[in-house]
Amino acid sequence: FLASDKHSWHRPISLTELQNLLKLNHCNGTRIKIVVSNTGMGYYKEKEAYDKYIDLRGISELSKIRKDQTGIEIGAAVPISKAIEALKEESRSDFLSDYVMILEKIADHMSKVASGYIRNTASVGGNLVMAQKNNFPSDIATILLAVDAMVHIMTGTQFEWLTLEEFLERPPLGLESVLLSIKIPSLELNKSESSEPRSRFLFETYRASPRPLGNALPYLNAAFLVKVSQCKDSGGTVIDTCRFSFGAYGSKHAIRAKNVEEFLAGKLLNVSILHDAVNLVTETILPKYDTSKTAHRPS
């Protein structure tokens, strides 16, 4: 705990201590800011002064990465670079191969976010909170939205799990709410021992920006997760299910193209179907007329 005449800096070491700090500040109207490394100041030039800053790095639960057969849970205070390392390490794990492929591609895309210094400092949770509260054009939000990621939220003494999609669509987090962790769930694959080909997953992410690497925010990003199987009659490829997410195109936050997902589900993959799907995408992924980014405004 550090304090001056105008400001104070707190570093709680447990969730209980954090809850007490938030409750006290909420009751007396103190202006507070929750930070990990506060790298968001490099993008949002905040002029508002806060009475208290609460540093989450002292809470060990928020800096851990846990894994089990249900998936990987990343603490909100984990630096982006540490998350990248953990996801790449899973190539030597006992997870199913399709899931390992997805984790590696998530890690590869995260490696294109910001610079090495920022990735070593900025947290995964902070990135998602900026996307939720400030409409930050987050690559991480878009790619995790496509893999059905979950977030763990603490509000007062209450805890809840939300899908990332629910989290992004909610009003901005209040002062009493804190993002604790993010979970990338494992995949449920067809484990049939019959001679029929099992389903498999395909996953790709994309990013368009002024520069391929470094401190260049994206103009547009996207991620596609598709579960496919072989058609017994024709031998062609059937799209069982899919999740398409798009972000950073002058929108409020990353979204799923659900009408495209519904259109493709159960379809036999061919050129005609892909053409129709592309047309649906162009009708769905539209910038807002009131976006501050003039280059993104519809003509």
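It should be noted that the structure appears before, not after, this text.
Scoring rules and cut-offs
- Residues numbered from 1 in each chain as written.
- Predicted model: local features only at pLDDT ≥ 70, side-chain atom pairs only at ≥ 80, totals over all residues.
- Heavy atoms only, no water.
- Core = buried A, V, L, I, M, F, W, Y, C linked by side-chain atoms within 4.5 Å.
- Buried < 20%, exposed > 50% of the residue type's maximum accessible area, 1.4 Å probe, protein only.
- Pairing = 2+ DSSP bridges.
- Helix = DSSP H or I, 4+ residues; strand = E, 2+ residues; numbered from the N terminus.
- Contact = heavy atoms within 4.5 Å.
- Phe/Tyr/Trp six-rings, centres within 6.5 Å; stacked < 30°, edge-to-face > 60°.

Points about the nonpolar core
No. 1: Ile 106, Leu 128, Leu 144, Leu 164, Phe 167 and Ile 184 are the most contacted members of the largest nonpolar core, which has 44 residues in total.
No. 2: Counting residues in hydrophobic clusters, the runner-up holds 15 residues, among them Ile 239, Cys 242, Val 260 and Val 281.

Structural notes on the sheet that holds strand β10 (residues 200-208)
No. 1: Strand order in the open sheet formed by 4 strands is β10-β11-β12-β13, with antiparallel pairing between adjacent strands. The outermost strands of the open sheet, each flanked by one partner alone, are β10 and β13 (255-256).

Details of unusual backbone geometry
No. 1: Located in the positive-phi region is Asp 148, a residue other than glycine, with phi close to 60°.
No. 2: Within the secondary structure layout, Asp 148 lies in the loop between α6 (139-146) and β7 (150-155).
No. 3: Of note in this structure, Ala 248 is not a glycine but carries a positive phi near 65°.
No. 4: As for its placement among the helices and strands, Ala 248 is situated in the loop between β12 (237-247) and β13.

Focus: the environment of Phe 159
No. 1: Among the structural elements, Phe 159 can be located in strand β8 (residues 158-163).
No. 2: As a C-alpha pair, Phe 159 and Val 178 span 19 residues in sequence and 9.7 Å in three-dimensional space.
No. 3: If near-sequence neighbours (up to four positions away) are discounted, Phe 159 is found in contact with Leu 15, Gln 19, His 152, Ile 153, Met 154 and Leu 180.

Some details on the packing of aromatic side chains
No. 1: Going through the model one piece at a time under the given rule, you end up with 5 aromatic pairs.
No. 2: Here Trp 9 and Tyr 53 contribute two aromatic rings whose centre-to-centre distance is 5.6 Å and whose plane-to-plane angle is 20°, an arrangement assigned as stacked. Taken together, the residues span a long stretch of sequence, with Trp 9 in strand β2 (residues 8-10) and Tyr 53 in strand β4 (residues 52-55) at a distance of 44 residues.
No. 3: Given the relative accessible area of 31%, Trp 9 is considered partly exposed.
No. 4: Here Tyr 206 and Phe 224 contribute two aromatic rings whose centre-to-centre distance is 5.5 Å and whose plane-to-plane angle is 45°, an arrangement assigned as tilted. Separated by 18 residues along the polypeptide, Tyr 206 in strand β10 and Phe 224 in strand β11 (residues 220-230) bring together distant segments of the chain.
No. 5: For Tyr 206, a relative accessible area of 43% translates into the label partly exposed.
No. 6: You can call Phe 224 partly exposed: its relative accessible area is 24%.
No. 7: Among the aromatic residues, ring-to-ring pairing joins Tyr 206, Phe 224, Phe 244 and Phe 246 into one connected group.

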